[in-house]
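# Architecture and fold: a report
This is what each chain is made of:
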Amino acid sequence: MKATIAVLPGDGIGPEVVGQAKDLLALIAAKFGHEFTFVEGMIGGIAIDETGEPLPAETVAICEAADAILLGAVGGPKWSDPTATVQPERGLLELRQRFGLFANLRPVKTYPALVDHAPLRAELLRDVDILFVRELVSGIYFGDRQEQGAGDVSYDTMRYSREEVEQVANVAFRAAQGRRKKLCSVDKANVLASMRLWRRVVVAVHEEYEEVELEHLLVDAATMHLLTRPASFDVIVAGNMFGDILSDEASVLAGSLGMLPSASLRSDSFGLYEPVHGSAPDIAGQGIANPIGMFLSAAMLLRYSLQLEDEARAIESAVDAALDAGLRTADIAGEGEASVSTGEFAAAVKNRL
Ligand code: NAD
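The text that follows walks through the structure, step by step, so that each part is easy to find. (Residues numbered from 1 in each chain as written. Predicted model: local features only at pLDDT ≥ 70, side-chain atom pairs only at ≥ 80, totals over all residues. Heavy atoms only, no water.)

### Here's the deal with the sheet that holds strand β5 (residues 129-135)
As summarised here, the arrangement of the 10 strands in space is β2-β1-β3-β12-β11-β4-β5-β10-β8-β9, forming an open sheet in which the pairing is mixed. The outermost strands of the open sheet, each flanked by one partner alone, are β2 (35-40) and β9 (213-218). Averaged over all neighbouring strand pairs, the angle between strand axes comes to 20°, with direction disregarded. By the bridge criterion, five bridges tie strand β1 (residues 2-10) to strand β3 (residues 68-73) in an arrangement that is parallel. If you follow L8 over to β3, its bridge partner there is L71. The sheet contacts of helix α1 (residues 14-32) involve β1, β2 and β3, and relative to β1 the element is tilted by about 165°. Across the sheet, helix α3 (residues 57-64) is in contact with β1, β2 and β3; its angle to β1 comes to roughly 150°. (Pairing = 2+ DSSP bridges. Helix = DSSP H or I, 4+ residues; strand = E, 2+ residues; numbered from the N terminus. Axes fitted to C-alpha atoms, helices over the stretch in contact; angles between N-to-C directions. Contact = heavy atoms within 4.5 Å.)

### A few points about helix α8 (residues 219-228)
Those residues of α8 not exposed but buried are V219, A222 and L226. Taken end-on, α8 shows its buried residues confined to a sector of 40°, consistent with a single buried face. Away from its buried face, by an angle of more than 90 degrees, α8 presents the exposed residues M224 and T228. Looking at the buried positions of α8, the neighbouring elements they touch are β5, β8 (182-187), β9, β10 (235-238) and α9 (240-254). (Buried < 20%, exposed > 50% of the residue type's maximum accessible area, 1.4 Å probe, protein only. Arc of directions from axis to C-beta.)

### With respect to the pairing of strand β11 (residues 261-265)
Within β11, five of the five residues are buried, leaving the element largely enclosed by the surrounding structure. On β11, burial covers both faces: P261, A263 and L265 on one face and S262 and S264 on the other are all buried. Where strand β4 (residues 103-109) lies against β11, three bridges are found, and the strand directions are antiparallel. The residue of β11 that forms the bridge with A103 is L265. Inspection of the sheet shows β11 paired to strand β12 (residues 271-275) by five bridges, in the antiparallel sense. Note on β12: the bridge partner recorded for S264 is L272. In this structure, the hairpin formed by β11 and β12 is closed by a connection of five residues.

Below is the structure:
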């Protein structure tokens, strides 16, 4: 098949991991007989430096003409002055909102080869395989920006509509149907009106997916259950803020932020694929970033935007095989264990393809 992929490397370790993922996708194209065209654009701090805007119009045009977007990470100390009028992270929020990417999928899996180095007891971590579905373009992060108070009083508005909850709940139920058929919906229905609507709508949507077992958890309880019984979860659906916090908490289960991919989708096949981690300024430029989150994001791009399931699995299996062979970047190497560079790990994955 032919596909055009917008490539937005961004800042810090973004370009280091995106470059490797692009090479990996090119190898997939050659091996499976596809034609992928990569078109590069600027986003984040580098775009502010070059154009004054974190999401220049040219980048938007590149993304509009593409079948999917592959993104590294944005931000860094150079642009983190809170009084600055433009922040790199705005570029990412604008991108998600402009393209209506309402469902953020974040799979969190533990690898048998890594559980002994994790901060939780190994027996709790065995067989953890959770898919977070986070609502991404509404809720408190997008509440009314005109009226947020001033001086000593300010506020943010948590707002959800029936349609917004319905569309993300449908994505979550469908995902559960294709997995272990369990969905946990997280809310704060005991305190917040918007979250009572959330629960009512999830219960109503459930009627179309009766074979999926539905559980509700209040967000405070969910934070504990995630650490005490992580292997019991299949799909977890949550609003924007709760999904943000819970999926970062769950990243501890996988051993490193560098391991985790994400996909941000709308109802057609278009999507934005990026690792969960940020630009990691503390290790940028050293060639030691873990490329796994980025590689698994590229696999999600093949699966969700291009419907290339075998090709996606080929990447996932090659990553598993490299880990099984004992290759570790510094963030996942145990004490006294040797580590490899980004390039060496990437080469090992490519060899196994
Ligand atoms: P971060 O994810 O960049 O880094 C947190 C820690 O994890 C650091 O110690 C880092 O070295 C490590 N880490 C992250 N990814 C890694 C990888 N692939 N391999 C090895 N180690 C890795 O989060 P932060 O330090 O809170 O934020 C740094 C900058 O990134 C900030 O400007 C922040 O706003 C931005 N950020 C961007 C995104 C995004 O682009 N989606 C997400 C989060 C943070």
